[in-house]
Amino acid sequence: AQKVTQAQTEISVVEKEDVTLDCVYETRDTTYYLFWYKQPPSGELVFLIRRNSFDEQNEISGRYSWNFQKSTSSFNFTITASQVVDSAVYFCALSEAAGYSTLTFGKGTMLLVSP
Amino acid sequence: EADIYQTPRYLVIGTGKKITLECSQTMGHDKMYWYQQDPGMELHLIHYSYGVNSTEKGDLSSESTVSRIRTEHFPLTLESARPSHTSQYLCASSGLTSAREQYFGPGTRLTVT
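Here's a quick rundown of the structure. (Residues numbered from 1 in each chain as written. Chains lettered and ligands numbered in written order. Predicted model: local features only at pLDDT ≥ 70, side-chain atom pairs only at ≥ 80, totals over all residues. Heavy atoms only, no water.)

### Quick word on the interface of chain B and chain A
What counts here: Throughout, a residue-residue contact means that at least one pair of heavy atoms, one from each residue, lies within 4.5 Å. Two parts lose some accessible area (1.4 Å probe) when they are put together, and adding that loss for both gives the buried area. Within this document, salt bridges are pairs made up of a side-chain nitrogen of Lys or Arg and a carboxyl oxygen of Asp or Glu, the two lying within 4 Å of each other. In protein, a polar contact means a hydrogen-donor-capable atom and an acceptor-capable atom, both N or O and within 3.5 Å, with residues adjacent in sequence counting only if both atoms are side-chain atoms; elsewhere, any N or O pair within 3.5 Å suffices. Here a helix means four or more residues in a row that DSSP labels H or I, a strand means two or more in a row labelled E, and each is numbered from the N terminus. The classification used treats Ala, Val, Leu, Ile, Met, Phe, Trp, Tyr, Cys and Pro as nonpolar, Asp, Glu, Lys and Arg as charged, and all other residues, Gly among them, as polar.
Each partner contributes to the interface: chain B provides 22 residues, whereas chain A provides 25 residues. Between chain B and chain A, the buried area comes to about 1900 Å², and carbon and sulfur atoms account for 59% of it. Taken together, chain B and chain A are joined by 1 salt bridge. Put simply, chain B and chain A have 3 residue pairs in polar contact (both at pLDDT 80 or more) between them. Among the elements of the structure, strand S4 (31-37), strand S5 (43-49) and strand S9 (87-94) of chain B are those that each provide at least two residues to the side of chain B that touches chain A. Sort the elements by how many residues they give to the side of chain B that touches chain A and S4 of chain B lands first, with 4 residues. Its residues assigned to classes, the side of chain B that touches chain A shows 12 nonpolar, 5 polar and 5 charged.

Now the structure itself:
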C-alpha cells in the first residue's frame, strides 16, 4: 500500500524567510508519480508540480524548488523568500503507475507567512 | 488552466433534505473524483469514475451516491442530509493514466443544520 507522510502540520514564518515543506512517501512500485498541490484560503487545490520516479533532477520554478531523493523516499518543497500570498495548505501526493491508480494525499502542511 | 466547475459553492440545508452537488468539466477528462475535506485539512477520496457508466467507491465510506451519465458531468447526491455530512466537498478530474495530475474545482462547502 502507498502512503504519504507530511510530518509538519503547521509552519509559521516571517516574510522573506526560506521555508521547506517535507514529504516522505512509501510505495512498492518502481514507477510512480509525485505531486504537490497548494490550497489557498479560497479552498481550491492548485496543481504545482508532477515528478516521475525516473527523474531525480531537482526543479526550480521562480521562488519554488523541489528536491526529489529516491534514496530517502522524499520529495521536499522549498519556498525561497516567502511572501504573505504563499500562506496556504500544501499537499504532497503519490500515484502508482500500475493500472489506474488514484492519488494518495498526505495530510497537508499549513504554511502561515506573516508580514 | 483547469476548467472544472462546482455548484453551489456554499449550501446550508436542514437535516433530512435531499441534495445534489454538481460537478462539470470541459477538458474531456475520463476520470473524475469526489473528495471530502474536514476542517482538519485531510482529504478523503469518497467516489471516483473511470468514464461514462463507471463509478467506484473511494477510501472513505460515504452515504452519498454518484452517477456518470455524461463524460463531463459527475454529480454527487445525498438522499437524506445529516449534520455529520457537514464538510467541504471537492470535485476533480484527470486524464486516464496515473501519470496525470488531477485538476480541482472550487469546492462546495456544505452545512447541514
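### Things to note about the state of the cysteines
All names here are of chain A. Note the threshold: The definition used for a disulfide is geometric: two cysteine sulfur atoms within 2.5 Å. For the exposure calls, accessible area comes from a 1.4 Å probe over protein chains only, and a residue counts as buried if that area is under 20% of its type's maximum, exposed if over 50%, partly exposed in between.
The tally for this structure, following the rule as stated, stands at 2 disulfides over all chains. The side chain of Cys23 participates in a disulfide bridge whose partner is Cys92; the two sulfur atoms lie 2.0 Å from each other. Between Cys23 and Cys92, the disulfide has an S-S torsion of -65° and is therefore left-handed. With Cys23 in the loop between strand S3 (19-21) and strand S4 (24-26) and Cys92 in strand S10 (residues 88-96), the pair connects residues that are 69 residues apart, well separated along the chain. Assessed through its relative accessible area of 0%, Cys23 is described here as buried.

### A few points about the layout of surface pockets
Note the cut-off: We place a 1 Å grid over just the protein atoms. Points where a 1.4 Å probe fits but has no way out form a cavity, open points with protein on both sides within 12 Å along at least 5 of 7 lines form a pocket, and any residue with an atom within 4 Å of a point lines it. Grid points are joined across faces, edges and corners, and a volume is the space filled by probe spheres set on the points.
Size it by volume and the largest pocket reaches roughly 320 Å³. When contributions to the lining of the largest pocket are tallied by element, the ones reaching two or more residues are S10 and strand S12 (109-114) of chain A together with S9 and strand S11 (108-112) of chain B. Looking at the lining of the largest pocket, the element that brings in the most residues is S12 of chain A, giving 3 residues. Broken down by class, the residue content of the lining of the largest pocket amounts to 10 nonpolar, 7 polar and 2 charged. Considered as a void within the structure, the second largest pocket measures approximately 250 Å³ in volume. For the lining of the second largest pocket, the elements supplying multiple residues, two or more each, are strand S1 (3-5) and strand S11 (104-105) of chain A together with S5 of chain B. No other element matches S5 of chain B, which puts 3 residues into the lining of the second largest pocket. Tallied by class, the residues present in the lining of the second largest pocket amount to 7 nonpolar, 3 polar and 4 charged.

### Digging into the pattern of salt bridges
When their charged atoms lie close together, side chains carrying opposite charge are able to pair. Residues and elements named next belong to chain B. This structure, assessed with the given rule, holds 7 salt bridges over all chains. Here Lys18 and Glu79 are joined by a salt bridge, their closest N and O atoms 3.9 Å apart. A residue pair is termed long-range when its members are at least 10 positions apart, and Lys18 in the loop between strand S2 (10-13) and strand S3 (19-25) and Glu79 in the loop between strand S8 (76-78) and S9 qualify at 61 residues. Taking the shortest distance from any N to any O, the salt bridge between Glu72 and Arg70 comes out at 3.1 Å. Among the residues examined, Glu72 registers a relative accessible area of 33% and is labelled partly exposed.

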